[in-house]
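Here is how the chains run, residue by residue.
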Amino acid sequence: MEVTAPVRLDVSGLLIAADGKVRSDEDFVFYNQPGAPGVTHSGGAADAITVDTAAVPADVEKVVVTASLDDPGATFAGTEPTATVRDAESQEVIATFTPSQLGPETALIVAEVYRRNGAWKVRAVGQGYADGLAGIATDFGVSIDDPGPQQQSPPTPQAPAPPPAPPTPSAPQAPSAPEAPPAPQAPSAPQPPPAPQAPSMPGPPVPPAPQAPSAPQAPAAPAPGSTGGKINLDKGRVSLQKNQTVSLVKGGRPVLTSVRMGLGWEPAFRGKDIDLDASVIAYDARRKKIDACYFGKLTILNGVIQHSGDNLTGEGAGDDEAITVHLGGLPPEVTGLVFTVNSFSGQKFSDVAKAYCRLLDATTGEELVRFDLTGAEPRTGVMMAKLIRQYSGEWEMTALGEYVDSRTVRGMVKPAGAAL
């Protein structure tokens, strides 16, 4: 299983026993400890964890695959990592998974390879942690070396402790002259040494700090919560706003039939023709372009994606251009589609009105999702929407509405890949 993103990731694996913990720290597999029984870490263009299920010890119930950001302090906000599960021998893609709507998380449990009734299976997780890889590791019982603060705090109380001891013995000599008031005042002077117990107060705050990692389980909750509240198609047509996402699931089942992305626009000024070109770019899990469908290439991927042809004016009712995609027929290596519109003639989107995209059931013509573009900018290209294949098989559509300067689909490849 490899995990990729537009930024550098550190991918790790944890061998977990029946109690939900590692058996020892040696069950933590990462770049500095790249091997454990049946599980290995490899680097290169992308970090990967390889699981040899036949070699995994019998007392290991699952292998947890994690990803953390290489850049200290960075979060997954705006970054959607993609996990790709391959057959280790043939390199055939078995499944992909892209957790979406990430925010302050700095590390993720991406997926699990687990034992069930004598067979091995893969489960997509996408649970986030706000305290990095250390938070995940400690939750699974790995000892994280962080002795600095804990070893420095004990010497601090021990240093003040010896000074109070000498004054106390000197106090007994004062009782030899009990009637003298200065003598009682002398013991009262040693009482400040209990103030060293105040320094001992900073000591306790130090332990609570390590306990804070248990709090990261709170950030873990938002991830499942956001998934639970994800919009789907059960209540009929969905109208999206910019950056909103809908899961293409209806009645608990993913939509895998043919869908049609209709794109339309009108001239902002009467009597002025607008020549825009709609396209779709297909990407793999590494955000590398596989192919693009546009007016100059009306069919790609053996007919799975088809373009309706070029509209030169933007006039008339209905969709100006449409692209049909048979979701169930897409090759497994296709994990993302980005739908774009650009102006080959150099016209700006400030000259365009009522631009939109809508997803329809290609068989019935029923409109499933709609996104109306607002806030036109004087630029020549726009990324309208993206479809992302999830590990569980369904697709998600996200409204983008991001403008770029590009007059051709070729110029859209890089910014569209970055938007996945």
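Residues numbered from 1 in each chain as written. Predicted model: local features only at pLDDT ≥ 70, side-chain atom pairs only at ≥ 80, totals over all residues. Heavy atoms only, no water.

**Student:** Please give an account of helix α1 (residues 132-139) that cites residues and values.
**Tutor:** Side chains of residues three or four places apart in an α-helix project in the same direction, reflecting 3.6 residues per turn. Taken as a whole, α1 has its buried residues at Gly132, Gly135, Ile136, Ala137 and Asp139. Immediately downstream of α1, the backbone of glycine 141 shows phi near 90 degrees, a positive value. (Buried < 20%, exposed > 50% of the residue type's maximum accessible area, 1.4 Å probe, protein only. Helix = DSSP H or I, 4+ residues; strand = E, 2+ residues; numbered from the N terminus.)

**Student:** Break down the sheet that holds strand β10 (residues 107-116) for me, citing the residues and quoting the values.
**Tutor:** On the basis of which strands lie adjacent, the open sheet formed by five strands has the order β3-β2-β7-β10-β11 and antiparallel pairing. One side of each edge strand has no neighbouring strand; the edge strands of this open sheet are β3 (28-29) and β11 (119-129). Here β10 pairs with β11 via nine bridges, running antiparallel. Bridge pairing in β11 places isoleucine 109 opposite glutamine 127. Along the sheet, α1 makes contact with β2 (9-17), β3, β7 (60-69), β10 and β11, crossing β10 at roughly 30 degrees. (Pairing = 2+ DSSP bridges. Contact = heavy atoms within 4.5 Å. Axes fitted to C-alpha atoms, helices over the stretch in contact; angles between N-to-C directions.)

**Student:** Could you give an account of unusual backbone geometry, naming the residues involved and the relevant values?
**Tutor:** In the Ramachandran plot, leucine 301 falls in the positive-phi region, its phi being about 55 degrees despite a non-glycine side chain. Mapping leucine 301 onto the fold places it in the loop between β19 (299-300) and β20 (305-307). Of note, lysine 354 is a non-glycine position whose phi angle comes to about 55 degrees, a positive value. Looking at the element boundaries, lysine 354 is found in strand β23 (residues 352-361).

**Student:** A description of the environment of methionine 383 should follow, citing residues and the corresponding values.
**Tutor:** Position of methionine 383 among the secondary structure elements: in strand β25 (residues 381-389). Along the sequence, methionine 383 and serine 279 sit 104 residues apart, while their C-alpha atoms lie 9.6 Å from each other. Once residues within four sequence positions are removed from consideration, methionine 383 is found in contact with Val338, Phe339, Thr340, Leu400, Gly401, Glu402, Val404, Met412, Pro415, Ala416 and Ala419.

**Student:** How would you sum up the side chain of asparagine 342? Please name residues and give values.
**Tutor:** Within the fold, asparagine 342 resides in strand β22 (residues 336-342). Among the polar contacts listed, one links the side chain of asparagine 342 to the backbone oxygen of threonine 408, at a separation of 2.9 Å. Look past the residues within four positions of asparagine 342 in its chain and what remains in contact with it is Asp275, Leu276, Asp277, Thr380, Gly381, Ser406, Arg407, Thr408, Val409 and Met412. (Polar contact = N/O pair within 3.5 Å; in protein donor to acceptor, adjacent residues only side chain to side chain.)

**Student:** Could you give an account of the sheet that holds β25, with specific residues and numbers?
**Tutor:** Here we have six strands laid out as an open sheet, ordered β13-β26-β25-β22-β17-β18, and antiparallel in their pairing. Each having just a single partner strand, β13 (245-247) and β18 (289-293) make up the two edges of the open sheet. Neighbour to neighbour, the strand axes of the sheet diverge by 20 degrees on average, direction disregarded. Where strand β17 (residues 277-283) and β22 come together, seven bridges link them in antiparallel fashion. Directly across from aspartate 277, in β22, lies its bridge partner asparagine 342. Against the sheet, helix α10 (residues 409-418) engages β17, β18, β22, β25 and β26 (395-404), with an angle of about 50 degrees to β17.

**Student:** Break down the confidence of the model for the chain for me, with residues and values.
**Tutor:** Per-residue pLDDT for the chain averages 79, and the proportion of residues at 70 or more is 76%. Under a pLDDT of 50 for its full length, residues 146-162 has, in the predicted model, three contacts with residues more than four places off or in other chains. Confidence over residues 164-229 falls short of pLDDT 50; this stretch has 22 contacts with residues more than four positions distant or in other chains. (pLDDT = per-residue confidence, 0-100.)

**Student:** Explain the nonpolar core to me, and be specific about the residues and the numbers.
**Tutor:** Membership of the largest hydrophobic core comes to 45 residues, with the highest contact counts inside it found for Leu248, Ile305, Leu330, Leu337 and Met397. Dropping the residues within four chain positions of it, methionine 397 is found in contact with Leu240, Gln244, Thr245, Val246, Leu248, Met261, Cys357, Leu359, Val369, Ala385, Lys386 and Leu387. Residues Ala36, Ile49, Leu69 and Val110 belong to the second largest nonpolar core, which totals 24 residues. (Core = buried A, V, L, I, M, F, W, Y, C linked by side-chain atoms within 4.5 Å.)

**Student:** If you had to explain the environment of aspartate 25 to someone new, which residues and values would you point to?
**Tutor:** Counting through the fold element by element, aspartate 25 comes out in the loop between β2 and β3. The spacing of aspartate 25 and leucine 15 is 10 residues in sequence and 9.7 Å in space, taken between C-alpha atoms. Contact partners of aspartate 25, with chain neighbours within four places excluded, come to Gln33, Gly141, Val142 and Ser143.

**Student:** Any details on the pattern of salt bridges? Residues and values, ideally.
**Tutor:** By the definition in use, this model includes 17 salt bridges. Residue glutamate 112 is joined to lysine 62 by a salt bridge in which the shortest nitrogen-to-oxygen separation is 3.3 Å. Linking glutamate 112 in strand β10 with lysine 62 in strand β7, this pair joins segments that are 50 residues apart in sequence. For lysine 62, a relative accessible area of 22% translates into the label partly exposed. With a closest N to O distance of 3.9 Å, arginine 379 and glutamate 377 form a salt bridge. In this structure, a network of salt bridges that share partners links the residues Arg237, Asp319, Arg358, Glu367, Arg370 and Asp372. (Salt bridge = Lys/Arg side-chain N within 4 Å of Asp/Glu carboxyl O.)

**Student:** Tell me what's going on with the packing of aromatic side chains, and back it up with residues and numbers.
**Tutor:** Under the defined criterion, the tally for this structure stands at four aromatic pairs. Plain terms: the ring middles of phenylalanine 28 and phenylalanine 30 are 4.7 Å apart, the flat faces sit at 25 degrees to each other, and that makes the pair stacked. Side by side, phenylalanine 28 and phenylalanine 30 carry an identical accessibility label, which is buried. For the ring pair phenylalanine 349 and tyrosine 403, a centre distance of 5.7 Å and an interplane angle of 65 degrees mean the geometry is edge-to-face. Note that phenylalanine 349 is positioned in the loop between β22 and β23 and tyrosine 403 in strand β26, a separation of 54 residues in sequence. Judged on exposure class, the residue phenylalanine 349 and its partner tyrosine 403 are both buried. An aromatic cluster is built from Phe28, Phe30 and Tyr31, whose rings are joined through pairwise contacts. Over the ring of tyrosine 114 we find arginine 123; its NZ or CZ atom is 4.0 Å from the centre of that ring. One residue, arginine 370, lies across the ring of tyrosine 356, its end atom 4.3 Å from the ring centre. (Phe/Tyr/Trp six-rings, centres within 6.5 Å; stacked < 30°, edge-to-face > 60°. Lys NZ or Arg CZ within 6 Å of the ring centre and 35° of its normal.)

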